[in-house]
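Results of the structural survey
So the chains spell out like this:
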Amino acid sequence: MLKKKNKGNSETQENTAATANGNGQVDGNEPTNDTGTTANTPSAEEKFKEELTQANDKYLRLYAEFDNFRRRTIKEREEARKTEGKDVIVALLPVLDDFERALRSMDNATDVVSVKEGVALIQHKLKNILSQKGLKEMQSVGATFDPDLHEAITSIPAPTDDMKGKVVDEMEKGYELNERVVRFAKVVVGA
């Protein structure tokens, strides 16, 4: 009988050891500290820290890249603003030269007609250059008054009934640049 009890006791000890293993405790047969696998595989906390540092690094690089882009575009815009009228100015330089020649020739000129023709040629050249750049004169006299195109200086009694509400006279011409009004025509309207 003693032998049976010993067997029973040993079985219960083994069962309790197996139960203890099932609860997460380690029995004497297995190593208690698995340092080899822990050192090779990082813990979840270390993984998250590494991912966080990588995300922060990406964010800082992206922010720096965007900041450089913003500075570069601001600089390019400033340079473009400084030189945006360059082509018009370069096109107008020959007209300026013509005016200087005309002024020099007026000192020695005795014939007013030739001076008048020279000034008319310079004006024609200037108008051609500006029209090539997209500037267009607005025709206002005889047109119906339009506050989007005209600026009324005054109104006078209309010479005829069909001129009521229409432009009778033009004090300053209006101009459009590429189909947009850049200067309103100053007009006199018939009432």
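The paragraphs below set out a description of the structure included in this document. Not measured: the values here are computed from a predicted model.

Quick look at a nonpolar patch on the surface now. A cluster of nonpolar residues, I89, V90, L93 and L96, forms a patch on the protein surface that exposes about 360 Å² of accessible area. Turning to its location among the elements, L93 is positioned in helix α4 (residues 86-108).

Here the focus is the pairing of strand β6 (residues 185-190). Within β6, five of the six residues are buried, which leaves it mostly tucked inside the rest of the structure. The sheet contact formed by strand β2 (residues 150-156) and β6 spans six bridges and is parallel. Note that in β6 the partner of A152 across the bridge is V187. The pairing of strand β3 (residues 167-172) with β6 spans four bridges and is classified as antiparallel. Residue pairing across strands places E170 opposite V187, the latter belonging to β6.

The three strands are arranged β1-β4-β5 in an open sheet whose pairing can be described as antiparallel. In this open sheet, the two edge strands, each paired with only one partner strand, are β1 (135-137) and β5 (180-183). Mean inter-strand twist for the sheet, computed between neighbouring axes without regard to direction, equals 40°. Of the strand pairs in this sheet, β1 and strand β4 (residues 175-177) are connected by three bridges, and their pairing is antiparallel. When the sheet's bridge partners are listed, E137 is paired in β4 with Y175.

Here we come to the packing of aromatic side chains. The description of an aromatic ring pair uses the distance of the two centres, along with the angle that the planes make with each other. Counting across every chain of the model gives two aromatic pairs. Ring plane angle 40° and centroid distance 6.5 Å describe the contact between F66 and F69, whose orientation is recorded as tilted. Of this pair, F66 and F69 both sit in helix α3 (residues 44-83), three residues apart, which is roughly one turn of the helix.

All told, the structure shown has 10 salt bridges when counted by the stated rule. Among the salt bridges present, the one from R61 reaches D57, with a minimum N-O distance of 3.1 Å. Here R61 pairs with D57, and both are found in helix α3, just four residues apart, close to one helical turn. Given the relative accessible area of 58%, R61 is considered exposed. By relative accessible area, D57 is classed as partly exposed at 37%. Between D67 and R70 there is a salt bridge whose closest N-O contact spans 2.5 Å. Residue D67 and its partner R70 are located together in helix α3, separated by three residues, close to a single helical turn. On the accessibility criterion, R70 (37% relative accessible area) is partly exposed. Residues joined in a network through salt bridges with shared partners are D67, R70 and R71.

Its location among the elements puts E176 in strand β4. An unpaired buried charge is present at E176: no salt bridge exists, and K136, the closest side chain of opposite charge, is 4.1 Å distant. The contacts of E176, once residues within four sequence positions are left out, are G134, L135, K136, M138, L149, V181 and V182.

Looking at the secondary structure, you find H150 in strand β2. Engagement of the side chain of H150 in a polar contact is seen with the side chain of S140, the distance being 3.3 Å. The residues touching H150, leaving out its near neighbours within four places in the chain, are S140, T144, F145, V167, F184, A185 and V187.

What counts, and at which threshold
- The numbers attached to residues start from 1 for each chain and follow its sequence in the written order.
- Two thresholds apply to this predicted model, a pLDDT of at least 70 for residue-level local features and 80 or more for giving and counting side-chain atom pairs, whereas whole-chain, interface and lining totals are computed over all residues.
- Note: side-chain values were computed over all heavy atoms of the structure, leaving out hydrogens and water.
- Patch membership requires over 30% relative accessible area and the absence of a salt bridge. Like charges are linked within 9 Å, and nonpolar side chains (Val, Leu, Ile, Met, Phe, Trp, Tyr) within 5 Å.
- The method behind every accessible area is Shrake-Rupley, applied with a 1.4 Å probe, and residues are considered shielded solely by the protein chains displayed.
- The rule for a salt bridge is simple: a side-chain nitrogen of Lys or Arg has to be within 4 Å of a carboxyl oxygen of Asp or Glu.
- The helix count covers DSSP runs of H or I at least four residues long, the strand count covers runs of E at least two residues long, and both are numbered beginning at the N terminus.
- Relative accessibility under 20% of the residue-type maximum defines a buried residue, over 50% an exposed one, and the middle range a partly exposed one, all with a 1.4 Å probe and only protein chains included.
- In this description, strands pair whenever DSSP reports at least two bridges between them.
- Under this scheme, a helix contributes an axis fitted over its contacting stretch, all axes are lines through C-alpha atoms, and angles between N-to-C directions fall in the 0 to 180 degree range.
- Note on aromatic pairs: the rings of Phe, Tyr and Trp (six-membered ring only in Trp) are paired at centre separations within 6.5 Å, and the planes decide the class, stacked below 30 degrees, edge-to-face beyond 60, tilted for the rest.
- When charges are counted, Lys and Arg contribute as positive and Asp and Glu as negative, whereas His and the chain ends are disregarded.
- A contact between two residues is defined here by any heavy atoms of the two lying within 4.5 Å.
- Each polar contact in these results corresponds to two N or O atoms within 3.5 Å; when the atoms are within protein, one needs to be able to donate a hydrogen and the other to accept it, and residues that are neighboring in sequence are counted only if both atoms are side-chain atoms.

Read these as layout, nothing more, since geometry by itself doesn't imply function.
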